[in-house]
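# What the coordinates show
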Amino acid sequence: EGPVPGLRVNDEGKIWVPQRARPRRNRKTEGLRSMVRENSVSPSNFIYPLFIHTKDYNEEISAMPGCERHSLESVLKEVGEAEALGVKSVILFPKIPEDVKTNAAEECYNPNGLIPKAISAIKSRYPNVAVWTDVALDPYSDQGHDGMVSADNRGDGGMGRILNDETVEQLCRQAVCQARAGADVVAPSDMMDGRVGAIRDALDSYGFTDVSLVSYTAKYASAFYGPFRDALDSAPRESSNAPPNKKTYQMDPANSREALIEAALDVAEGADMLMVKPGMPYLDIIHRLKAATNLPISAYHVSGEYAMMKAAAQRGWLDERESVLESLLCFRRAGADAILTYYAKQAAQWMHES
Ligand code: PBG
């Protein structure tokens, strides 16, 4: 039997598909593969999101197996373990008791509140860990919105509006309160217009010129935040005077040019780093922002993405270690410098094992 028609044999009589370039040559050994590898991911790229509450015991979060609402004691332990594995940044999210929630969310700048207490406890025990905070009203809002809701009905669907400028003032108070408690990085996630510049000015005028500001620049109105909202009981309320979704302030998932508008504003307003959120369905946005700005880019591998991977892994449908490490590397390839991920500690552990 001769060669398949169209194929040739070489001078040795062996089958030959003539071609000079053979990309597989650069993949033939691990030595070569590691030599030409373009991207890598390490624990120092991670920011570890942690949920805290006022109770002195931990509570499981049903749609996020492996994550918990931590007591103060437990969050300190978790931060220490993460730091030992090379994860040098954490971001804190509070579950606030219902009875202190209000429309104006005044609890968000209570100097004796849950977040300021946790920041100062972490900073005094682990001074080298960078503590990030989320700046938005939703965990403190009795409406479940990132901003204050108007009493009128001039908004979308004949309902209340999310008041932009009034909210920005509250966010400034919140960010200054977090900075006073020792936050290294404040990260506004609220998507109000003009908040980055206003928060920068407020921090600076109180002397916090060294506190960094990472803007949730391109934050989409996404269904992938569901498990997070369950964890904090922070979803928009049906009882709210405003629509039970965040579409009047978070971005439309159909849009990408709008992300460039937000990025240009955040750069001009003094942001130190930009963020894209969610992560995996939005790698194109990471890539576009990376090309459009010289600031570092972070990506948020959000709660719903974590839940999907956990669910598949628990059923034995995905190799959790391999698929998670691949996903994190892909964020880096897309252009993310830093990654906020609930897998931070686990991924760092896996990296140390191999
Ligand atoms: C608060 C905030 C949210 C997340 C981070 N900060 C929820 C939201 O905007 O509704 C989501 C994070 C996640 O899903 O992991 N503004």
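Looking at an unreviewed UniProt entry, one finds the protein named Delta-aminolevulinic acid dehydratase, with Chondrus crispus as its source organism. The annotation that UniProt attaches to the protein under Catalytic activity (unreviewed entry) is "2 5-aminolevulinate = porphobilinogen + 2 H2O + H(+)".

## Describing helix H10 (residues 320-334)
Taking 1.5 Å as the rise per residue, H10 with 15 residues should run 21 Å; its terminal C-alpha atoms sit 21 Å apart, in good agreement. Those residues of H10 that fall on the buried side of the exposure criterion are Val324, Leu328, Phe331 and Ala334. Here the buried residues of H10 occupy an arc of 125° about the axis, which is enough to place them on one side. Turned more than 90 degrees away from the buried face of H10, the exposed residues are Glu322 and Glu326. Residues of H10 that are buried in the fold lie against helix H8 (283-292), strand E13 (297-301), helix H9 (303-314), strand E14 (338-341) and helix H11 (344-353). Gly335 sits one or two residues past H10 and shows a positive phi near 125°.

## So, the pairing of strand E11 (residues 212-219)
A regular strand carries its side chains on alternate faces of the sheet. In terms of burial, E11 is a largely internal element, seven of the eight residues being buried. One ladder, built from two bridges, connects strand E10 (residues 185-188) with E11; its direction is parallel. Following the sheet pairing, Val186 is matched in E11 by Leu213. Crossover handedness for the path E10 to helix H5 (residues 195-205) to E11: right-handed. Summarising the sheet, E11 and strand E12 (residues 273-277) pair through five bridges and their orientation is parallel. Note on E12: the bridge partner recorded for Ala218 is Val276.

## Some words on the site of the ligand
In the region of the ligand, the neighbouring residues are Asp134, Ala136, Asp138, Asp146, Ser189, Asp190, Tyr225, Phe228, Arg229, Val302 and Ser303. A per-class count over the shell around the ligand returns four nonpolar, two polar and five charged.

Scoring rules and cut-offs
- Residues numbered from 1 in each chain as written.
- Predicted model: local features only at pLDDT ≥ 70, side-chain atom pairs only at ≥ 80, totals over all residues.
- UniProt positions renumbered as here; feature names shortened; annotations may be inferred.
- Helix = DSSP H or I, 4+ residues; strand = E, 2+ residues; numbered from the N terminus.
- Expected span 1.5 Å × (residues − 1).
- Buried ≥ 20, exposed ≤ 12 C-beta atoms within 10 Å, placed from the backbone.
- Arc of directions from axis to C-beta.
- Contact = placed C-beta atoms within 7 Å.
- Pairing = 2+ DSSP bridges.
- Right-handed = clockwise from strand over helix to strand, strands pointing away.
- Near = placed C-beta within 6 Å.
- Nonpolar A, V, L, I, M, F, W, Y, C, P; charged D, E, K, R; others polar.

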